[in-house]
Amino acid sequence: MVLVALAALPAGAHDRPPVERDTWYLPTADHVAQLFVEELGPRSAPPVIVLHGGWGAEHSYLDDVVLPQVGPAHRFVLYDQRGSLLSPVPDTSSLSVRQQIEDLELLRETLGEERLTIFAHSQGTYLALAYAQAHPDHVRSLILTGTVVGKSPEGGDDAYMAQTTATAHELIARTAVQREMERVRSTEPDGPRRATHLWRIQFAAVNLFHVERWRGMPGGRAFYNQASADAISATQPRIHDFEPLLLSGRFAVSLINGDHDYLDPGERYWRGMVARDPRLHLTVLRDAEHSAWIDAPASFQSAFAAALAR
């Protein structure tokens, strides 16, 4: 496992010693689930909590994102959120946004940390902001990528979901995407392999500007628990407003987003927030989408390192 992960590191990384890796289970306070936890990096280094997207997804697609930053200054603590693939529940009755917040608080207490640095992606950015809203005194820094907007637009989150869905369909309809799908149809025989590849290209289209890199886009389909996602989504408020928290200056906030991210095309919302409060640090990566570390790996890692230092 370590050798596979290290193979994805930048040139020269193979000269580094193997990354320390540990996995363990955290029983939840209500005894309903056991959260699968993975730690990457030396135990002596301060932890950075990593929140995967979802709801209902899993954490492993972020391993290669954080591995280049592992070292004496940082170890990364990743976990499958309750109801995700490696942290299953017997039924969906215990799944809610509130419970996800309290599971994260339990992880903080278990690690013995007074304040957390949190790195989050996609729906994980909502969880990071909701946690910070509930426990602001336990947050040191938020590093967010593929970030949801900080406040529901007019019409609430249902309208926001409709907007993002429409943008996602536009991304799938791009000429580059259709060209890549036609290339696969013309070069691969009909069958389950080709069908899977065509699905992966459409999945990558919403996540990558450079859709030709679709083979490097992990996750999706079997890496996703739809029942858990539906159950948690049903408990999510239809209107959210994290702006007072973001503008409070109580902790550092760094955002690393692609300029074509379907959650905020052109980063119009977040550019407006930075104009209101320059303490919010926004890095917009050119020709990048929702998984910006694949579209612009060097620029992403540079921005990530700066955010960790900040």
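Residues numbered from 1 in each chain as written. Predicted model: local features only at pLDDT ≥ 70, side-chain atom pairs only at ≥ 80, totals over all residues. Heavy atoms only, no water.

Draft legend 1. Quick peek at the environment of V139. Mapped onto the elements of the fold, V139 is located in strand 6 (residues 139-145). With 24 residues separating them in the primary sequence, V139 and R115 have C-alpha atoms 4.8 Å apart. Here V139 is in contact with R115, L116, Y131, A132 and F251, once residues within four sequence places are set aside. (Helix = DSSP H or I, 4+ residues; strand = E, 2+ residues; numbered from the N terminus. Contact = heavy atoms within 4.5 Å.)

Draft legend 2. Highlighting unusual backbone geometry. Cis rather than trans, the peptide bond between G54 and W55 has omega equal to -15 degrees. Looking at the element boundaries, W55 is found in the loop between strand 3 (47-51) and helix 2 (63-66). For E267, which is not a glycine, the phi torsion comes out positive at approximately 55 degrees. By the element assignment, E267 lies in the loop between strand 7 (252-258) and helix 10 (268-276).

Draft legend 3. Region of interest: helix 12 (residues 297-309). Spanning 13 residues, helix 12 covers 18 Å between terminal C-alpha atoms, matching the ideal 18 Å at 1.5 Å per step. Of all the positions in helix 12, only F300, Q301, A303, F304, A307 and L308 are classed as buried. Seen end-on, helix 12 carries its buried residues on one side only, within an arc spanning 165 degrees. Those residues of helix 12 that are exposed and angled more than 90 degrees off the buried face are A298 and A309. (Expected span 1.5 Å × (residues − 1). Buried < 20%, exposed > 50% of the residue type's maximum accessible area, 1.4 Å probe, protein only. Arc of directions from axis to C-beta.)

Draft legend 4. How the structure looks around the pairing of strand 8 (residues 281-285). Sheet topology note: the strand 7/strand 8 ladder contains 5 bridges and is parallel. Counted as the bridge partner of I256 is T283 from strand 8. (Pairing = 2+ DSSP bridges.)

Draft legend 5. View of the packing of helix 6 (residues 175-187) against helix 7 (residues 192-207). Interhelical geometry of helix 6 versus helix 7 gives an angle of 170 degrees and a closest axis separation of 10 Å. The angle between the axes of helix 6 and helix 7 places the two elements in the roughly antiparallel class. When helix 6 is examined against helix 7, the residues V177, E180, M181, V184 and R185 are found in contact with a partner set consisting of R194, H197, L198, I201, Q202 and A205. (Axes fitted to C-alpha atoms, helices over the stretch in contact; angles between N-to-C directions. Parallel < 35°, antiparallel > 145°, perpendicular 65-115°, else oblique.)

Draft legend 6. Quick look at the nonpolar core. Of all hydrophobic cores here, the largest spans 91 residues; its most connected members are I49 and I118. No other element matches helix 4 (residues 123-134), which puts 7 residues into this core. If we skip the residues at most four places from it in the chain, I118 touches I49, L51, L104, A128, Y131, S141, L142 and I143. (Core = buried A, V, L, I, M, F, W, Y, C linked by side-chain atoms within 4.5 Å.)

Draft legend 7. Expanded view of the sheet that holds strand 5 (residues 116-121). As summarised here, the arrangement of the 8 strands in space is 1-2-4-3-5-6-7-8, forming an open sheet in which the pairing is mixed. The open sheet has two edge strands, strand 1 (21-27) and strand 8, and neither has a second partner. Looking at each pair of strands side by side, their axes are set apart by 20 degrees on average, direction ignored. Together, strand 7 and strand 8 form the strand contacts of helix 10, whose direction differs from that of strand 8 by roughly 150 degrees.

Draft legend 8. The arrangement of the packing of aromatic side chains in detail. The tally for this structure, following the rule as stated, stands at 10 aromatic pairs. Geometrically, the ring pair formed by Y126 and F242 is edge-to-face, given 5.4 Å between the ring centres and 75 degrees between the ring planes. Within this pair, whereas Y126 is found in helix 4, its partner F242 is found in the loop between helix 8 (226-235) and helix 9 (243-246), the two being separated by 116 residues in sequence. The same class applies to Y126 as to F242, namely buried. A connected cluster of aromatic rings, assembled from ring pairs, spans Y61, F76, F119, W293, F300 and F304. (Phe/Tyr/Trp six-rings, centres within 6.5 Å; stacked < 30°, edge-to-face > 60°.)

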